[in-house]
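# Chains, contacts and geometry: an overview
Chain by chain, the residues run as shown.
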Amino acid sequence: MANTNLQFKTNYVVESKIEPFYKGGKVQISKDEKFIFCTCGSRVNVLEISTGKIVHCVEHDDQEDITSFALSCDDEMLVTASRALLLKQWDWKQAQCTRSWRAIHTVPVASMTFDSTSTLLATGGCDGTIKLWDVVKQYCTHNLKGSSGVVHLVQFHPDIDRLQLFSSSLDCGIRLWDLRSSQCVCVLQSHYSAVTSLCFSPDGDTMVSSGRDKICTVWDLKAQKAKRTVPVYEAVEGVVLLPKNEDLSEIGVKSKDLHFITAGSKGVLRVWEASTARCVYAQTLSSTPTAVSEEEEEEKDDDPRSLTYLLSLPASSRLATVTAEHNIVLYQLPGLTTQQQFVGYNDEVLDVKFLGKGDSHIVVATNSCQLKVFELLTNSCQILYGHTDTVLSLDVFKKGFLFASCAKDRSVRVWQMDSDSGQVRCVAQGSSHTNAVGSITCSRMKASFVVSGSQDCTVKVWDLPADLTTAGEDVHQLTPRATEKAHDKDVNSVAVSPNDKLLASGSQDRTAKLWSLAGEGAVGLLGVFRGHRRGVWAVCFSPVDQVLATSSADGATKLWSLQDFSCLKTFEGHDASVLKVIFVSRGTQLLTSGSDGLVKLWTIKTNECVKTLDAHQDKVWGLHASRKDDKMVTGSADSNISVWVDVTEVELAEEQAKQEDQILKQQELSNLLHEKKYLKALGLAISLDQPHTVLTVIKAIRQVEDSRELLEKTVLKLRVDQKESLLRYCVVWNTNARNCQDAQAVLQVLLTHLPPEELLQYQGARTYLEGLIPYTERHMQRIGRLLQASMFLNYMWQKMRVAGGPSSMDQDEEMDTTPLAQPFFMIDKEKGMGSGDEEKQEGDDSDGGQDEDPKCLPEEEEEEEEEEVSATKKASTNDRRVENGESAKTNGNHHSESEESSKEEDMEEEDQTAVKVIKSLPVSSTQCQTFAS
């Protein structure tokens, strides 16, 4: 393996996403022409036109699909209707529902619109009724009946003074409603199929309607009659009147007569002169899949490029269309030039590659015959037509402006991106395979050839002409230089070595093979890599070593030697098929993606998985690293595309800055403690969020004179959030016998000076207080046992004093049996609590895992009881020694005064070591229980 001094990658984070935002249904553009509103299941997504990003999203809590929505004319209010028969009013900028009410309709709402004042809302239901709502006063104003079937179109007359509403339903008529009388004034009959849209002239006296019966009708609203019927020879989904005061000669508008533009099943925009019923302009698409006759074109109503909506953006002189493939295209007048294109739904992503200067674009193969090229900065998209069946694989040449594709249509194509305009066109194509072409790879050194692998079990080498990029608009026809039956089953992957001399292929037959490309017109087999238990999904050459990487459906990734074809390493970690493998960090690391939705980063030298990225919710088919090796892009069957950025250097810099900041704060803390500025020191320690550091400050406060008053004064001056953190730390400290005194001292201040109502407002306060109870009881029981032991020792000591006292002592003198302390007490922190393991913990870091979970008592109770039993035995031994000493004295074996004095000092020291009761406990478990309840 190559030995470099590279910094290994440790993590990637998502920099940007291209995800579905429109899956069909209504589309509306805001009045300020900055946002596009579109439905996506139970959500309404708000797309910012300038960036192509989803900036807002409103979603129904019940997860019911949204059947219709309407944005008010002042862009302030959004109302949605769902299958649950609920209407919801939204502050869409804050994604907050401000009001919801029952729609009264017995079946879902099919259409809705606001009037020009943003006061009245009309809803058309599938039950044939229309209801009008005053959204300001919040009540239903009208209930209009008479329509037959689903009311799929409602629209107010733009002149609000007329108080007119137009609607259309399954009877194909256009009903005109007078809102003053709530009556249907007339039914405009002209269409024989569904009416799809209405538009009005500026004076409000002329209306144009479009329908799926392939006609448009111009209406005189004063006379309530049709002025002209214009046959348009396609099912029309949208119609827009063109302005009269603009020069639109580029699209055939030569007179001041009424002109309108239509969008429909043919997928092109056409301009019509109303007075002559003549088409004066028809848009030509930049590319067409295949040449078809006019008759075939008329019969083909299911073209994926057919248009479903046409919207006007008058302020910026633009038009927006929505295609059947859920693409939204913006055109600029007067020339109808394509300005922006957004892809609402990508379907399953099968492959993705970086493209363009500085990897500014990505090219995506989805489950369709079109290729999509996204500009990452704006998410604007070009759609490339050429293949006639699903595109399966992509690869990019070294410079990033030329790439190749292959598809189920048995063809390969080569595409070129213009470095200035970013426009992409097909420059070469070849068809020679007898089955679907599932993989393709490009030459590495220069754009000289491509290699394809197919389901017909063959690999083909296609030479590219030298003048490929300078051939104008012509598309070169490619012929294969060499064809080789490579495997017994489908060829899933092919890869060319960095020097263009070797070819690797991976197949469904569980093998990978190495081929020589050095010979003229031939592909020579060099060796076979055997070891995978299932089909091989991907092969990839190392950029620096004589090594090949393969990934398989058996869940393993393997490294192979190109010298002896032996397996060097195996990487296992995916729970399912490993679909892609690539080298990064100049050949020292691997990236793998699997059908489990995960992307894993591996370090080859250590055979270790450095990072697992939960990238997608379905198979990750696409995986590619940028040429600078600082980014990667993934594409998945969940229709999402994610661009990831390497944050190794960023994380290292942040970690270093964090460490430096902590060092400075620790030094500042030390200075504050030295200067006895305890309040600032405590606040700084809490800001570091390090319980042990905070504990250090508490201990320092408790070591000064009048520590109780100082601690109380300091703690009560903290902010509420700081007190909340302090309470949380106390729960941790209280689990450790060595730190329980400090915890109880702080708790005394908090529980005695703060009302329970304030404490319970702290986040998690109830849980914290409940966690304090068992440990406080445990400490009380332990100290109670020590108190009993100390009283017993006191009793023994008094007896020893009576037995060994001077003869002048009164025989009736009683011993002192006064308790050494009050019922509530604490153990001296310097001497510990009498257990050997607690003394052993001196010097341990309380943040280093020594503290216990405050929610459950540890399993060390038995050990403590054993230690207490041992201490009891030790005390019994001392008792027997004392009794023996008394017997010796009785028998006249007296010691010298020095020995007796020494023995008395030893006994006093032992007594002091056993227990030292100095203070009353600040908080009892009963108090904690009171607050917790």
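Okay, so let's go over this structure. For clarity, every value in this text was computed on a predicted model and none was experimentally measured. (Residues numbered from 1 in each chain as written. Predicted model: local features only at pLDDT ≥ 70, side-chain atom pairs only at ≥ 80, totals over all residues. Heavy atoms only, no water.)

## A look at the sheet that holds strand β36 (residues 411-417)
Spatially, 5 strands are ordered β34-β35-β36-β37-β41 in an open sheet, and the strand pairing comes out mixed. Each of the sheet's edge strands pairs with one partner strand only, and the pair in question is β34 (391-396) and β41 (476-477). When strand β35 (residues 402-407) meets β36, the two strands line up antiparallel, connected through 5 bridges. Within the sheet, the bridge partner assigned to S405 lies in β36 and is R413. (Pairing = 2+ DSSP bridges. Helix = DSSP H or I, 4+ residues; strand = E, 2+ residues; numbered from the N terminus.)

## Observations concerning the sheet that holds strand β5 (residues 54-59)
Here 4 strands make up an open sheet; going across it, the order is β2-β3-β4-β5 and the pairing antiparallel. Each edge of the open sheet carries a strand with a single partner, namely β2 (27-29) and β5. Each strand axis lies, on average, 20 degrees off the axis of its neighbour in the sheet, ignoring direction. As defined by bridge partners, β2 adjoins strand β3 (residues 35-40) across 3 bridges and the pair is classed as antiparallel. Residue V27 lies in a different strand from β3, and its bridge partner there is C38. (Axes fitted to C-alpha atoms, helices over the stretch in contact; angles between N-to-C directions.)

## Describing the pairing of strand β48 (residues 547-552)
Counting buried positions along β48 yields 6 of 6 residues, so the element is predominantly enclosed. Judged by which residues are buried, β48 turns out to be covered on both faces: V547, A549 and S551 on one side and L548, T550 and S552 on the other are all buried. Linking two consecutive strands that pair antiparallel, namely strand β47 (residues 536-541) and β48, is a turn of 5 residues. Where β48 meets strand β49 (residues 556-561), 5 bridges bridge the pair, whose relative direction is antiparallel. Looking across to β49, one finds that V547 is bridged to S561. The turn joining β48 and β49, which pair antiparallel and follow one another in sequence, is formed by 3 residues; a positive phi near 85 degrees is taken by G555. (Buried < 20%, exposed > 50% of the residue type's maximum accessible area, 1.4 Å probe, protein only.)

## Some words on the packing of helix α4 (residues 691-702) against helix α6 (residues 720-733)
How two helices pack is summed up by the angle between their axes together with the distance between the axes. For the pair α4 and α6, interaxial distance at closest approach is 10 Å and the crossing angle is 90 degrees. As far as their axial angle goes, α6 and α4 are roughly perpendicular. Judged by residue contacts, P691, V694, L695 and I698 of α4 engage L726, Y729 and W733 from α6. (Parallel < 35°, antiparallel > 145°, perpendicular 65-115°, else oblique. Contact = heavy atoms within 4.5 Å.)

## Thoughts on the pattern of salt bridges
Inspection of the entire model under this criterion finds 23 salt bridges. The shortest N-O distance in the salt bridge between K222 and D205 comes to 3.6 Å. Here the residue K222 occupies a position in the loop between β20 (215-220) and β21 (225-231), and D205 occupies one in the loop between β18 (195-200) and β19 (206-211), the gap between them amounting to 17 residues. Judged by its relative accessible area of 65%, K222 falls in the exposed class. With a closest N to O distance of 2.5 Å, D395 and R444 form a salt bridge. With D395 in strand β34 and R444 in the loop between β38 (437-442) and β39 (449-454), this pair connects stretches of sequence that are 49 residues apart. For D395, a relative accessible area of 9% translates into the label buried. Residues joined in a network through salt bridges with shared partners are D159, R162, D205 and K222. (Salt bridge = Lys/Arg side-chain N within 4 Å of Asp/Glu carboxyl O.)

## A look at the environment of Q382
Assignment of secondary structure puts Q382 in strand β33 (residues 381-384). Looking at Q382, the relative accessible area reads 16%, which means it is buried. Sequence separation of Q382 and Q341 is 41 residues, and the distance between their C-alpha atoms is 6.7 Å. Setting aside anything within four residues of it in sequence, one finds Q382 in contact with Q341, L371, K372, V373, G422, Q423 and V424. For Q382, the side chain forms a polar contact with the main-chain oxygen of G422, separated by 2.6 Å. One polar contact links the side chain of Q382 to the main-chain amide nitrogen of V424, over a distance of 3.1 Å. (Polar contact = N/O pair within 3.5 Å; in protein donor to acceptor, adjacent residues only side chain to side chain.)

## So, the environment of L47
Among the secondary structure elements, L47 is positioned in strand β4 (residues 43-48). Judged by relative accessible area, L47 falls into the buried class, the value being 0%. The sequence separation of L47 and F35 amounts to 12 residues, and the corresponding C-alpha distance is 5.4 Å. Non-local contacts of L47, meaning those with residues more than four positions away in its chain, are made with F21, K34, F35, I36, G52, K53, I54 and F342.

## Side note on the packing of aromatic side chains
The full count for this structure, using the stated rule, is 10 aromatic pairs. Residues Y729 and W733 carry aromatic rings whose centres are separated by 6.2 Å and whose planes lie at 35 degrees to one another, so their mutual orientation is tilted. Residue Y729 and its partner W733 are located together in helix α6, separated by 4 residues, close to a single helical turn. Note on W733: relative accessible area 0%, which makes it buried. Each residue in the set F35, F37 and W92 is aromatic and connected to the rest through ring pairs, giving one cluster. Residue placement shows K26 over the ring face of F69; its charged tip is 5.4 Å from the ring centre. In this arrangement the basic side chain of R481 is found over the ring face of F449, its NZ or CZ atom lying 5.8 Å from the centre. (Phe/Tyr/Trp six-rings, centres within 6.5 Å; stacked < 30°, edge-to-face > 60°. Lys NZ or Arg CZ within 6 Å of the ring centre and 35° of its normal.)

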